[in-house]
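A structural walkthrough
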Amino acid sequence: MTLAFTICSINYLAQAQTLGQSLQEQNPSIEFVIGLVDRLDKVELEPDKIPPFQMLEIDKINIESFEQMCEIYNITELNTAVKPYFIDYFYKNRPDIQNVIYFDPDIIVFDSLKPLEDSLKKYPMVVTPHICSPINDDLNTKETDHLSTGLYNLGFIATSRSEATYHMVSWWKDRLEKDCRIDLCNGLFVDQHWINFVPLFYPNDVLVDKYPGYNMAYWNLHERTVSIRDGKYFINGKPLIFFHYSGYELKKPNEVSKYQNRSSFENRPDIVPLFQYYAQKLKDNFNDYYIKISCFYIKPPKVKRYKRVRKALQMPFRKVVSLLNR
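Residues numbered from 1 in each chain as written. Predicted model: local features only at pLDDT ≥ 70, side-chain atom pairs only at ≥ 80, totals over all residues. Heavy atoms only, no water.

1. So, the sheet that holds strand β13 (residues 238–239)
- Strand order across the open sheet formed by three strands is β11-β12-β13, with antiparallel pairing between neighbours. Only two strands of the sheet have a single partner each, and these edge strands are β11 (226–229) and β13.
- Here strand β12 (residues 232–235) pairs with β13 via two bridges, running antiparallel. Looking at β13, one finds that Phe 234 is bridged to Pro 239. (Pairing = 2+ DSSP bridges. Helix = DSSP H or I, 4+ residues; strand = E, 2+ residues; numbered from the N terminus.)

This is how it looks when you write it as structure tokens:
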């Protein structure tokens, strides 16, 4: 049996539901779980806004160091850091599960995952690289960006039950307990740089899958083209399995991704139907409602004392300036 899951806080439930609906439609035999880094008892969701999917709240999986993780991580880092903890929980508490697949919430599955399940019969772990061919312009994102953020995109990772998987997940948990930060100066970009090691540590157990229909996103648009036949999407002539809408925001509907400037809907008309479909799904799934709800676990950043003192000293001067500018 295969279980697919995502991780999000309440503010991303529109994306998580969209992913879940696509999995339900294309792969009805796969169980779907939303790993919720939030507290449902701390917010009163409107009855029609409660997702029709399993939601496993983070406090239910008993992470010993979770309080400390909340102290040091922002919402992106925290949602990323708990990924191997959820994988570990599923394998330890669900003996009926053979495969555990993670998808970021801003992904839509467009076809059967059977080819991926077949790969998991041969390899305990499957990852996808950001790019498979050189980038030959000076636009964002560059090859150097992938050196900074990791060779593999961890918006997706697939695993099967094996000793190699257990060992890797345990190692990954240990590393992400304190070092799942966005800290490029110290070689860290959440969980992704750590996975650079995995094909080296487990050379016979990891498939680096370059199939163009897996994890298509803004970072690999330079090497992949979309076409439509009989209502289905194809990438370089092969079926699109899942698309990753990383960096797309409804408040900026004319931008492919806030993280890049290479691709636009003007120079890439082939991707327009994919994004029109996604935008409508987010609206249908109450994106405007969820996005306003703050994560229970993320506290306002502490202001250091010297900054508070500096602000207090500046206040009289600023009042004088404001009076002069009236």
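2. Let's talk about the layout of surface pockets
- The computed volume of the largest pocket comes to approximately 1,300 Å³.
- Every residue lining the largest pocket is counted, 47 residues in all, and those nearest its centre are Tyr 12, Thr 76, Asp 106, Ser 246 and Tyr 259.
- Elements supplying a minimum of two residues to the lining of the largest pocket: β1 (2–8), α3 (75–81), α6 (143–149), α10 (272–284) and α11 (287–290).
- Among the residues forming the lining of the largest pocket, the class breakdown is 20 nonpolar, 18 polar and nine charged. (1 Å grid on protein atoms, 1.4 Å probe; cavity = no way out; pocket = protein on both sides within 12 Å on 5 of 7 lines; lining within 4 Å. Points joined across faces, edges and corners; volume = space filled by probe spheres on them. Nonpolar A, V, L, I, M, F, W, Y, C, P; charged D, E, K, R; others polar.)

3. Concerning the pattern of salt bridges
- Tallying each qualifying case throughout the model produces 20 salt bridges.
- Across the pair Arg 39 and Asp 41 runs a salt bridge whose closest N-O atoms are separated by 2.8 Å.
- Here Lys 49 makes a salt bridge to Asp 48, at a shortest N to O gap of 3.1 Å.
- We classify Asp 48 as partly exposed; its relative accessible area is 49%.
- Within the structure, one salt-bridge network assembled from shared partners comprises Glu 31, Arg 94 and Asp 96. (Salt bridge = Lys/Arg side-chain N within 4 Å of Asp/Glu carboxyl O. Buried < 20%, exposed > 50% of the residue type's maximum accessible area, 1.4 Å probe, protein only.)

4. Notes on the packing of aromatic side chains
- With the rule as written, the count across this model stands at 31 aromatic pairs.
- For the ring pair Phe 5 and Phe 86, a centre distance of 6.0 Å and an interplane angle of 40° mean the geometry is tilted. Taken together, the residues Phe 5 in strand β1 and Phe 86 in helix α4 (residues 83–93) connect sequence positions 81 residues apart.
- Taken together, the ring pairs connect Phe 243, Tyr 245, Tyr 248, Phe 265, Phe 275 and Tyr 278 into an aromatic cluster.
- Just above the ring of Phe 286 sits the side chain of Lys 49; from NZ or CZ to the centre is 4.7 Å. (Phe/Tyr/Trp six-rings, centres within 6.5 Å; stacked < 30°, edge-to-face > 60°. Lys NZ or Arg CZ within 6 Å of the ring centre and 35° of its normal.)

5. Points about the environment of Pro 28
- Tracing the chain through its elements places Pro 28 in the loop between α1 (13–26) and β2 (31–36).
- Among the residues examined, Pro 28 registers a relative accessible area of 68% and is labelled exposed.
- For the pair Pro 28 and Ser 112, spaced 84 residues apart in the sequence, the C-alpha separation amounts to 9.5 Å.

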